[in-house]
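Residue-level listing of the chains:
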Amino acid sequence: MNYEIDNLDKQILRLLMQNVTRAYTDIAKELQVSGGTIHVRMKKLNEMGVVQGAQLLVNPAAVGYDICAFLGVFLEKGSAYKAVVEQMRQIPEIVELHYTTGSYSMFVKIICRDTNHLREVLNEKIQGIAGVQRTETFISLEESISRQISI
């Protein structure tokens with residue numbers, strides 16, 4: 001697509017990033033354009049892959065998941081990456097996985113109910129995956145910043 005993101009698109013994105021549930025008609029009023037314009041712009045942004053859906057964010061602690069941990073994962077061989085990712089996709093506690101440079105082959109974010117649950121996930125699920133050599137665990141004590149890129 002040859003669609004350029006203009007200032008109106010950026011304004012729409014900023015407003016929706018502040019509150020994804022905000023009605024297009026409200027955004028249209030604020031930006032002094034028609035509701036149809038907002039709808040068409042959002043459709044184009046979705047088609048371009050600029051917008052990749054909308055999410056409902058749940059506070060894990062509010063539903064009984066009190067431990068956030070990060071794992072540095074060492075792979076036996078780099079070629080095991082894709083197979084390991086497919087296995088890790090089956091572990092619901094894994095909420096993010098990144099292929100990285102540096103000491104670790106992968107960096108993983110997991111959310112667990114408590115330290116016993118964390119130990120179970122590590123010992124019974126992650127460390128048993130073929131291709132995983134070892135892991136290093138970091139427990140988060142506090143999330144101080146969580147945000148999207150500013151547009």
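Here the residue numbers are simple positions, counted from 1 along each chain's written sequence. For this predicted model, a pLDDT threshold of at least 70 governs which residues receive local features, and a threshold of 80 or more governs which side-chain atom pairs are given and counted, while totals over whole chains, interfaces and linings are taken from all residues. Only hydrogens and water are set aside; all other atoms, that is, all heavy atoms of the structure, feed into the side-chain values.

A. Structural detail: the pairing of strand β1 (residues 67-75). The buried fraction of β1 amounts to 8 of the 9 residues, a majority that puts the element mostly inside the structure. Two strands form a pair only when DSSP identifies at least two bridges running between them. The way it works is that DSSP assigns letters per residue, a run of H or I at least four long becomes a helix, a run of E at least two long becomes a strand, and they are numbered from the N terminus. Alignment of β1 against strand β3 (residues 106-112), held across 7 bridges, turns out to be antiparallel. Residue pairing across strands places Ala69 opposite Ile110, the latter belonging to β3. Where β1 meets strand β4 (residues 132-139), 7 bridges bridge the pair, whose relative direction is antiparallel. Residue pairing for β4: Leu71 is matched across the bridge by Thr137. Only protein chains enter the accessibility calculation, which uses a 1.4 Å probe. A residue is then buried if its area is under 20% of the maximum for its type, exposed if over 50%, and partly exposed in between.

B. Inspection of helix α5 (residues 115-126) at higher detail. Residues of α5 that are buried: His117, Leu118, Val121, Leu122 and Ile126. One side of α5 holds all its buried residues, which, seen down the axis, span an arc of 135°. Residue contacts are defined here by distance: any two heavy atoms, one from each residue, within 4.5 Å place the two residues in contact. Against β1, α4 (81-88), β2 (94-99), β3 and β4 lie the buried residues of α5. Distance and chemistry together define a polar contact, namely a pair of N or O atoms within 3.5 Å, with one atom able to donate a hydrogen and the other to accept it when in protein, and with adjacent residues in sequence counting only for side-chain atoms on both sides. At the N-terminal end of α5, a side-chain oxygen is found 3.2 Å from the backbone nitrogen of Asn116, two or three residues along, and the residue is Asp114. Taken from the helix axis, the directions to the C-beta atoms give the arc we talk about.

C. Region of interest: the packing of helix α1 (residues 7-18) against helix α3 (residues 35-48). Axis definition: a line fitted to C-alpha atoms, over the contacting stretch in the case of helices. Angles run 0 to 180 degrees between N-to-C directions. Across the interface, α1 lies against α3 with an axial gap of 11 Å and an inter-helix angle of 90°. In terms of their interaxial angle, α1 and α3 are classed as roughly perpendicular. When α1 is examined against α3, the residues Leu8, Asp9, Ile12, Leu13 and Leu16 are found in contact with a partner set consisting of Thr37, Ile38, Arg41, Met42 and Leu45. For this scheme, ten residues count as nonpolar: Ala, Val, Leu, Ile, Met, Phe, Trp, Tyr, Cys and Pro. Four count as charged, namely Asp, Glu, Lys and Arg, and the remainder, Gly too, count as polar. Broken down by class, the residue content of the contact of α1 with α3 amounts to 7 nonpolar, 1 polar and 2 charged. For classification, angles of less than 35 degrees are called roughly parallel, those exceeding 145 degrees roughly antiparallel, those between 65 and 115 degrees roughly perpendicular, and all remaining angles oblique.

D. Spatial organisation of the packing of aromatic side chains. When two rings of Phe, Tyr or Trp (its six-membered ring) have centres within 6.5 Å they constitute a pair, described as stacked for plane angles under 30 degrees, edge-to-face for angles over 60, and tilted for the intermediate range. Under the defined criterion, the tally for this structure stands at 6 aromatic pairs. With centroids separated by 5.1 Å and ring planes inclined at 65°, the aromatic side chains of Phe74 and Tyr104 adopt a geometry described as edge-to-face. Taken together, the residues Phe74 in strand β1 and Tyr104 in the loop between β2 and β3 connect sequence positions 30 residues apart. Like Phe74, the residue Tyr104 is buried in the burial classification. Ring centres of Tyr81 and Tyr99 lie 3.8 Å apart, and the angle between their planes is 25°; this geometry places the pair in the stacked category. One end of the pair, Tyr81, is in helix α4; the other, Tyr99, is in strand β2, with 18 residues separating them in the sequence.

E. Geometry of the nonpolar core. In plain words, nonpolar cores are sets of buried Ala, Val, Leu, Ile, Met, Phe, Trp, Tyr and Cys residues tied together by side-chain atoms within 4.5 Å. Core analysis: the biggest nonpolar cluster contains 22 residues, and Val73, Val84, Met88, Met106, Ile110 and Ile126 have the highest contact counts within it. Looking at this core, the elements with two or more residues in it are β1, α4, β3 and α5. With 5 residues, β1 is the single largest residue contributor to this core. Those residues in contact with Met88 that lie beyond four places of it in its chain are Val73, Ile94, Leu97, Met106, Val108, Ile126, Ile129 and Val132. The next biggest cluster of nonpolar side chains, apart from the first, holds 12 residues, and it includes Leu15, Leu16, Leu31 and Val51.

F. Looking closely at the pattern of salt bridges. By convention in these notes, a salt bridge is any Lys or Arg side-chain nitrogen within 4 Å of a carboxyl oxygen on Asp or Glu. Scanning the model with the defined rule gives 7 salt bridges in all. Of the charged contacts in the structure, one is a salt bridge between Glu93 and Lys125, with a shortest N-O distance of 3.2 Å. Of the two residues, Glu93 sits in the loop between α4 and β2 while Lys125 sits in helix α5, which places them 32 residues apart along the sequence. Judged by its relative accessible area of 34%, Lys125 falls in the partly exposed class. Residues joined in a network through salt bridges with shared partners are Asp6, Asp9 and Arg41.

Interpretation in functional terms is not warranted from these geometric data alone.
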